[in-house]
Structure formats: C-alpha cells, structure tokens
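Fold and contact review
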Amino acid sequence: PPPAPLLEVRADFPVFAHRPELVFLDSAASSQKPAAVIDAIAGFYAHDYANIHRGAYGLSARATDRFEAVRDQAAQFFGAPSRDGVVFTRNATEAINLVAHSWGQVHLNPGDVVLVSELEHHANLVPWHLVTGGRGARVEAVAMTPDGRLDLEDYERKLRELPVKFVALQHVSNALGTVHPARQLVELAHARGVSILLDGAQAAPHLPLNLTELGADFYVLSAHKMLGPSGVGLLLARPEALRGLPPYQGGGDMIREVYPQHSTYAPLPHTFEAGTPAIAEVIGFGAALDYLSGLGMANVAAHEQALLGYALQRLGAVDGLQLYGPASGRCGVVSFNVAGAHAHDVAGFLDEANICVRAGHHCAQPLMRALGVASTARASFSVYTTPADVDALADALGEIAQFFAETP
Ligand code: PMP
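Keep in mind the model is a prediction, meaning the values are calculated, not measured.

Right, let's talk about unusual backbone geometry for a bit. A cis amide bond, omega 0°, links Leu268 with the succeeding residue Pro269. Relative to the assigned elements, Pro269 resides in the loop between strand 10 (263–265) and helix 10 (279–295). If you check the backbone angles, Asp253 has positive phi at about 80° while not being a glycine. Structurally, Asp253 is set in the loop between helix 9 (239–242) and strand 9 (255–258).

Side chains bearing opposite charge may pair, as long as their charged atoms lie close to each other. Considering all chains together, one arrives at 20 salt bridges under this definition. The residue Asp389 makes a salt bridge to Arg10 at a minimum N-O spacing of 3.3 Å. One end of the pair, Asp389, is in helix 14 (residues 387–406); the other, Arg10, is in the segment before helix 1 (14–18), with 379 residues separating them in the sequence. The exposure class assigned to Asp389 is buried, which follows from its relative accessible area of 4%. As a salt-bridge pair, Asp154 and Arg157 come within 3.0 Å of each other at their nearest N and O atoms. Remark: Arg157 and Asp154 occur in helix 6 (residues 152–161); sequence separation between them is three residues, near one turn of the helix. By relative accessible area, Asp154 is classed as buried at 6%.

Before going further, it helps to spend a moment on helix 11 (residues 297–316). Taking 1.5 Å as the rise per residue, helix 11 with 20 residues should run 28 Å; its terminal C-alpha atoms sit 28 Å apart, in good agreement. Packed against the buried residues of helix 11 are helix 3 (58–77), helix 10, strand 11 (321–324), strand 12 (333–338) and helix 14.

The subject of this paragraph is the confidence of the model for the protein. On average, residues of the protein score 96 in pLDDT, and 99% of them are at 70 or above. Here the complex is predicted with pTM 0.97, and the ipTM for its interfaces comes to 0.99.

Looking only at helix 6, the buried set comprises Asp154, Tyr155, Lys158 and Leu159. What you see down the axis of helix 6 is that its buried residues fit within an arc of 135°, all on one side. Opposite its buried face, helix 6 presents the exposed residues Glu153 and Glu161, each directed more than 90 degrees away. Buried residues belonging to helix 6 abut strand 3 (113–117), strand 4 (138–142), strand 5 (164–170), helix 7 (182–191) and strand 6 (195–199). For helix 6, the capping residue at the N-terminal end is Asp151, with a side-chain oxygen 3.1 Å from the backbone nitrogen of Glu153.

Next up on the list: a nonpolar patch on the surface. On the surface, Ile255, Val258 and Tyr265 cluster together to form a nonpolar patch covering roughly 250 Å² of accessible area. Residue position: Ile255 is located in strand 9.

Here we come to the site of the ligand. Taken together, Asn91, Ala92, Thr93, His121, Ala123, Asn174, Asp199, Ala201, Gln202, Ser222, His224 and Lys225 make up the full set of residues near the ligand. Between the ligand and Ala92, the relevant distance is 3.4 Å, taken from an oxygen atom to a main-chain nitrogen or oxygen of the residue. The side chain of His224 places a nitrogen or oxygen atom 2.7 Å from an oxygen atom of the ligand. Protein contacts shield 87% of the accessible area of the ligand, which totals 390 Å² for the unbound molecule. The residue makeup of the shell around the ligand, split by class, is three nonpolar, seven polar and two charged.

Overall, mixed pairing links the seven strands, which are arranged 2-8-7-6-5-3-4 in an open sheet. With one partner strand each, in any of the chains shown, strand 2 (86–89) and strand 4 form the two edges of the open sheet. Going from strand to strand, the sheet's axes swing by 20° on average, the running direction of each strand aside. As paired elements, strand 7 (residues 218–222) and strand 8 (residues 233–237) share five bridges and run antiparallel to each other. Across the sheet, the residue bridging to Ser222 is Gly233, located in strand 8. Seen against the sheet, helix 3 touches strand 2 and strand 8 and runs at an angle of roughly 120° to strand 2. On the sheet, helix 4 (residues 92–107) packs against strand 2, strand 5, strand 6, strand 7 and strand 8 and is oriented at approximately 155° with respect to strand 7.

Here we come to the packing of helix 12 (residues 343–352) against helix 14. At their nearest, the axes of helix 12 and helix 14 sit 10 Å apart, and the two run at 125° to each other. On the basis of their axis angle, the class for helix 12 and helix 14 is oblique. The element helix 12 and its partner helix 14 pack so that their crossing is right-handed. In this structure, helix 12 contributes Asp345, Val346, Phe349 and Leu350 to the contact, and helix 14 contributes Leu393, Ala396, Leu397, Ile400, Phe403 and Phe404. Looking at side-chain class alone, the contact of helix 12 with helix 14 contains nine nonpolar, no polar and one charged residues.

Each value, and the rule that gives it
Residues numbered from 1 in each chain as written. Predicted model: local features only at pLDDT ≥ 70, side-chain atom pairs only at ≥ 80, totals over all residues. Heavy atoms only, no water. Helix = DSSP H or I, 4+ residues; strand = E, 2+ residues; numbered from the N terminus. Salt bridge = Lys/Arg side-chain N within 4 Å of Asp/Glu carboxyl O. Buried < 20%, exposed > 50% of the residue type's maximum accessible area, 1.4 Å probe, protein only. Expected span 1.5 Å × (residues − 1). Contact = heavy atoms within 4.5 Å. pLDDT = per-residue confidence, 0-100. Arc of directions from axis to C-beta. Polar contact = N/O pair within 3.5 Å; in protein donor to acceptor, adjacent residues only side chain to side chain. Patch = residues over 30% accessible without salt bridge, like charges linked within 9 Å, V, L, I, M, F, W, Y side chains within 5 Å. Areas by Shrake-Rupley, 256 points an atom, 1.4 Å probe, with all protein chains shown as cover. Near = heavy atom within 4 Å. Nonpolar A, V, L, I, M, F, W, Y, C, P; charged D, E, K, R; others polar. Pairing = 2+ DSSP bridges. Axes fitted to C-alpha atoms, helices over the stretch in contact; angles between N-to-C directions. Parallel < 35°, antiparallel > 145°, perpendicular 65-115°, else oblique. Left-handed = near helix turned anticlockwise from the far one by under 90°.

The structure is reproduced here in structure tokens:
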C-alpha cells in the first residue's frame, strides 16, 4: 500500500453507503458529492429559497446574501484578485465560450492567431473555432511531446513566429493528468503582450491555487468536478481583462437601464450573468469549497499523489497493459490500454466488477491522434479514492489482460 498520510473521508460520501460495492474511478468526468453539499442544497431549498437580486422582501435579500457570499468565498479560495472578476457560469465550457465570444468580438481581427495545444479538451477548442471562423482569424496548436507534456520549445517558437493574439491552454490534462507549468505559460504569453486563458477544469479539484500569483487573465473551472453540484462553473478573471468587453448573453439581472431600442449594462461581474442563475447549486458549491478548505488542498494533493504513485506501481506490473502520460508532474489520472482489446471492452469488463472508468477519446481527439491511438481507458481519483480501489482495478486488469493475451 502507498505511504501515509491518506485522507479517510469515504464516510462523508453517501453514495458509498448506498452502493458499498462501488469502485468509482471516474472522478475526472465528475466527482461524487459529500453529504455536506447535498444537505446544503436541500437546506437552502427548505429554509432560504427565493430568487435573488430583486426581492424587496427579507427572504430574497437573505438568498441574495448567501449567493453573493459564495462569490467572496470563491475569490478567497482560489486567491482571485477581486470578486469583480468572479463570474458564475453553467460550467467550464460556458466560461470558455463567454471569453471566446466577448473577448474575441472586440480583439480578434483577420489574420490573428489563437494559440491552443494538441492536448486540449474540446471545450477549449471548439469555442475558438467558432469565434475565429467568423472573424478571419485562425487557431494554431502547440505540439505535445510523446510522453504527453506540452512542447515548451514549440510554444515559445509559435509565440515568437506567429501573429498570436490570444493563448488558451489547459492547466491539467483530463486525458493524461499532465500538470503543465502554468506560471511559465502565463509569463511567456505576457512577455509578448498576449492575453491568456487557462482551463483549470482538471486542476482546481486537485491543486492549491492562487490565481493572483498565477496572473492568468482568465481561469475557468467546473464545480461538479470538485465535489460541488452540476450546473455551476466559474470564470475567474482579472477584472481589467473583463472591463469594457461586451456581454456574452443579454437578459434580466445584467442591465442598468433598458429602453425599447437599447440598453446599458450592470457593473462587473453582473454584466456577464444574464437571467436567474443556478442559485441553490451555487450555495452547494459554497459547501463544497468549505469541505475542501476543511481538508486542505495541500492534503488533497498529497492524498492523490500517494494514490497515483501506488497506481503506477501496481498497473505498471500488469503484463499487456500500456500506460500513457509523463513519468512525473501529473495528477491522479491514469490512462491505459490493454493489448489486443478496445478500451470500451475493457471498461465493460471492469463494469462487471463494479469498477467505473471512462473509455473513449475523452473529448480530446487531437491528443488521441498525437498519441496514435483511437481511445484509452482512464481511471481518475478524488479525495475519497482508496488504495483498495486501486487494488481492485489492478487485480481486474490483470485478469482482463490475461484473457486478451490468451484470446487469439
Ligand atoms: N476542460 C477540461 C480539461 C475538462 O476535463 C472538462 C470536463 N471534462 C472541461 C473542460 C469541460 O467541463 P464541463 O463539461 O464541466 O464544462
């Protein structure tokens, strides 16, 4: 078993009491939820629910205060420079679309390049295809090294040689777990006067973050991957990077004055929050941040590193198993293939043993092409993952690999 200290929090997650047989290794897709989050949402609906930002009555004012308190809490949790740059969205995808649309509309001109990478999740590719396509600009990609890191020389070269106007890169790879040198990525972009967005969907659940120190202009994440509910994402921006940009969507809550022919907009961050938000889910996200604060993100990271080391050791000893990703500098994600088997079949066999893994291209088709495979199976960890989960996976994969080795 891996070295201590490991977190012992499984009892906080009701799903494991209801399904004791479950070996849940798909936390990168979406995490399970602690009782604290589930109870916070139910409690909010039972005691404090009303629409926010418009009630003249006490209940609505209270709901508004609770909602806005989560904005402050998020700013503090992620070390954001100011609450004015904390925008609630539906998910990381919507946060990226917001930046692509609002920033792209003002700043992208014909010939400009938006620089992404071969490792990106489709959520950090397609929005840039949409906005560049309409403006005569284009998307170029930084290459991936064979072991699944960003090719930093290629990044520097492309920044130097192409007319790059904007950089949009992931912080951590969802398919391989690679942790990219975020600070260096930001500094290299800023040294050339280029704004940068970091996709932190897979970083925020696993690493302590201080966005003020990191200095990215835009940082995005999803609550559902970090013990919070679905339906909530965050755009964490330097307020100066948002100021003056046109709204992403129009409607209630984001206006100052509206006339039949034109309107003016509410100040930051409300400019970018049109319509009734996911109020109860934001409250639930606040409970998730409280829960993670209680554990301490450094402990979360240490727990997952210990499990990752153990998983690489155990899976590395399985004959016929191909592992992907770098030897070091990665989060609790292990991507693999069994020789002679399709990843979907492997996931199907694992499911028969109640082991949940994801199989496919992981919304990262360019990465799969660069790796030279159609798909992989992926096991991913969270705070509630145990060494016993890793043992169950390794034992089952040993049997599956043997089966495929013996099947002509
Ligand atoms: N980026 C990365 C790296 C991801 O892993 C994901 C989720 N798989 C996303 C973006 C999109 O997150 P969401 O679906 O919550 O918008």
